[in-house]
Amino acid sequence: MKQIFIAIIRFYQKAISPLTPPSCRFYPTCSHYGVEAIQKHGAVKGGFLTVRRISKCHPFHEGGLDPVPDEWPPKK
């Protein structure tokens, strides 16, 4: 399952992302964050962290440095 999710993200990074202008407000970018979260925490927990990160992507969130947490559940 992990490999399927990572393959989908890699496809996005190589085929879709280059067609759009750079606009990510976070470091690392959401797609890199997703790969790292899934590798570190597995498909379900990493997927949850990725969706949570993408939900922060709006004009009212300041963005900035947002690394993948080392432990689960993440501390705020």
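Further up the page is the structure itself.
### Some remarks on the packing of helix H2 (residues 30–41) against helix H3 (residues 43–55)
Okay, so step 1: As a packed pair, H2 and H3 sit with axes 7 Å apart at the nearest point and diverge in direction by 155°. With respect to H3, the axis of H2 lies roughly antiparallel. The chirality of how H2 crosses H3 is right-handed. Two secondary-structure elements touch here, H2 through Cys30, Tyr33, Gly34, Ala37, Ile38 and His41 and H3 through Ala43, Lys45, Gly46, Gly47, Leu49, Thr50, Arg53 and Ile54.
Okay, so step 2: Per-class residue counts for the contact of H2 with H3 are 7 nonpolar, 5 polar and 2 charged.

### Concerning the environment of Lys45
Okay, so step 1: Here Lys45 is to be found in helix H3.
Okay, so step 2: Lys45 sits 27 residues away from Trp72 along the chain, and the two C-alpha atoms are 8.2 Å apart.

### Focus: the packing of helix H1 (residues 2–16) against H2
Okay, so step 1: Here H1 crosses H2 at 165°, and the two axes come no closer than 10 Å. When the axis of H1 is compared with that of H2, the two are roughly antiparallel. Two packed elements cross with a definite hand, and for H1 against H2 that hand is left-handed. Where H1 approaches H2, its residues Lys2, Phe5, Ile6, Ile9, Arg10, Tyr12 and Gln13 are matched on the opposing element by Ser31, His32, Gly34, Val35, Ile38 and Gln39.
Okay, so step 2: Residues of the contact of H1 with H2, tallied by class, amount to 6 nonpolar, 5 polar and 2 charged.

Scoring rules and cut-offs
- Residues numbered from 1 in each chain as written.
- Predicted model: local features only at pLDDT ≥ 70, side-chain atom pairs only at ≥ 80, totals over all residues.
- Heavy atoms only, no water.
- Axes fitted to C-alpha atoms, helices over the stretch in contact; angles between N-to-C directions.
- Helix = DSSP H or I, 4+ residues; strand = E, 2+ residues; numbered from the N terminus.
- Parallel < 35°, antiparallel > 145°, perpendicular 65-115°, else oblique.
- Left-handed = near helix turned anticlockwise from the far one by under 90°.
- Contact = heavy atoms within 4.5 Å.
- Nonpolar A, V, L, I, M, F, W, Y, C, P; charged D, E, K, R; others polar.

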